[in-house]
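Each chain is listed here by its residues.
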Amino acid sequence: MTFVSNSSLPGAGLAGRVAAIRMPATVALSFLIVALVIAWSVLPGLFTSYSPVIGVPADKLLGPSLSHWFGTDHLGRDVYTRVVYGTASSVSSALVAVVIGVVVGGIIGLLSGFFGGWVDVVFARLVDVLLAIPKFLLAVIVVTAIGFETINAAIATGVSAVAIFARVARAEVIKTRQATFVESAFLLGGSRWFILWRHILPNASRSILPLAVLQFGESILVIASLAFLGYGDPPPASDWGLLISIGKDYLKWPWLVYAPAFITILTVLSVNRISRWLRKTD
């Protein structure tokens, strides 16, 4: 009689890894919240039947109810609808900022940590200059120079995050470069570029993922702050920061501020919780 080990069955390895992942309830809830926010950004029409631009003047400044979950604004527009439609701009711009930070900062840290010497000195001084400027101030400077639009706010936020990714990538590359398998690859005749992309990059990138997730949440906050100050798209856009900025002029109707602020905070907290969980998960 022949016995077949479970590990030899197709998909057993993947199933075992999935089963081995212990996900706390708060992390699962955070994933659900982030998934809902992403669904809002991709298919907002599935979650509301109201227009984010056209309102009903007779329904202006109504409080939260079953027909208007987040109430209505001063033009009779459904606030929940405007929050849902504003998600696409907030999420996509934060994603652009993270991609810029990861790609540019990762390349700088990778080259600096691997080659060392004058390359490390030049890039290290550049990173020091970027770190010396407060991130939000740097974002304001960049967006002021290139123009007041949400995409420009995303670019500015990404530039302000380059130094963080470069510093983390450099530290991981230096640590990985000293590993035994890297030295063995050198002794076997591997070229610098082959070792860099085949061995250094995959191992050094493990610490980048949690940082990228964390930066995604921070980018949402920075872009919302820029939109609040008027550095994003003008009305009738419904970026979360812009909704908060408009709502602050109507303090007698606090849901105009509380609704978009609550969604922003909830999304950022969920992303941060996922980032902390990823750092603890192998």
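Residues numbered from 1 in each chain as written. Predicted model: local features only at pLDDT ≥ 70, side-chain atom pairs only at ≥ 80, totals over all residues. Heavy atoms only, no water.

**Things to note about the overall build of the protein**
For the protein, the count of helices and strands is 11 helices and zero strands. Across the 282 residues of the protein, 44% fall into the buried class. In the protein, 69% of the contacts between residues at least 6 apart in sequence involve partners at least 24 apart. Counting every atom, the protein has about 15300 Å² of accessible surface; 70% of that belongs to carbon and sulfur. (Helix = DSSP H or I, 4+ residues; strand = E, 2+ residues; numbered from the N terminus. Buried < 20%, exposed > 50% of the residue type's maximum accessible area, 1.4 Å probe, protein only. Contact = heavy atoms within 4.5 Å. Areas by Shrake-Rupley, 256 points an atom, 1.4 Å probe, with all protein chains shown as cover.)

**Thoughts on a nonpolar patch on the surface**
A grouping of L36, I38, V42, L43, L46 and F47 is seen on the molecular surface, where their side chains present a nonpolar patch of about 560 Å² in accessible area. As for its position among the elements, L46 is in the loop between α2 (25-42) and α3 (79-115). (Patch = residues over 30% accessible without salt bridge, like charges linked within 9 Å, V, L, I, M, F, W, Y side chains within 5 Å. Salt bridge = Lys/Arg side-chain N within 4 Å of Asp/Glu carboxyl O.)

**Some words on the pattern of salt bridges**
In a structure, side chains of opposite charge can pair up when their charged atoms sit close to one another. Taken as a whole, this structure holds seven salt bridges when the rule is applied. One salt bridge connects D73 with R82, and the closest N-O pair in it is separated by 3.9 Å. R82 carries the same exposure label as D73, and that label is buried. Linking D128 and R125 is a salt bridge whose minimum nitrogen-to-oxygen distance equals 2.9 Å. Taken together, the positions of D128 and R125, both in helix α4 (residues 117-132) and three residues apart, correspond to about one turn of that helix. In this structure D128 comes out as partly exposed when scored by relative accessible area, which is 32%.

**Structural notes on the side chain of T81**
As for its position among the elements, T81 is in helix α3. Here T48 takes part through its side chain, which lies 2.6 Å from a polar atom of the side chain of T81. Ignoring sequence-local partners within four residues, the contact set of T81 consists of T48, Y50, S51 and P52. (Polar contact = N/O pair within 3.5 Å; in protein donor to acceptor, adjacent residues only side chain to side chain.)

**Quick word on unusual backbone geometry**
Put simply, P235 and P236 share a cis peptide bond, and its omega is 10 degrees. Within the secondary structure layout, P236 lies in the loop between α9 (208-228) and α10 (240-247). Located in the positive-phi region is L61, a residue other than glycine, with phi close to 55 degrees. Among the structural elements, L61 can be located in the loop between α2 and α3.

**Concerning the nonpolar core**
In terms of nonpolar packing, the biggest core is built from 32 residues, with F70, V83 and F216 touching the most fellow members. Among the secondary structure elements, those contributing two or more residues to this core are α2, α3, α6 (150-177), α9, α10 and α11 (255-280). Contacts of F216, omitting those with residues within four sequence positions, involve V91, A94, L95, V98 and V271. Listed in part, the 16 residues of the second largest apolar core include I108, A139, V142 and Y231. (Core = buried A, V, L, I, M, F, W, Y, C linked by side-chain atoms within 4.5 Å.)

**Brief notes about the confidence of the model for the protein**
Looking at the protein as a whole, the pLDDT averages 83, with 87% of positions reaching at least 70. Here helix α1 (residues 12-20) stands out as the element of the protein with the lowest mean pLDDT, 47, in contrast to α2, whose mean of 93 is the highest. Low pLDDT, under 50, characterises residues 1-12; the predicted model gives this stretch three contacts beyond four residues in sequence or across chains. (pLDDT = per-residue confidence, 0-100.)

**Some details on the packing of α4 against α6**
Where α4 contacts α6, the two axes come as close as 9 Å, and the packing angle between them is 140 degrees. As the angle between them shows, α4 and α6 are arranged oblique. With respect to the hand of their crossing, α4 and α6 are arranged in left-handed fashion. Contacts between α4 and α6 involve D120, V127, D128, L130 and L131 on the former and, on the latter, V162, A163, I164, A166, R167 and R170. (Axes fitted to C-alpha atoms, helices over the stretch in contact; angles between N-to-C directions. Parallel < 35°, antiparallel > 145°, perpendicular 65-115°, else oblique. Left-handed = near helix turned anticlockwise from the far one by under 90°.)

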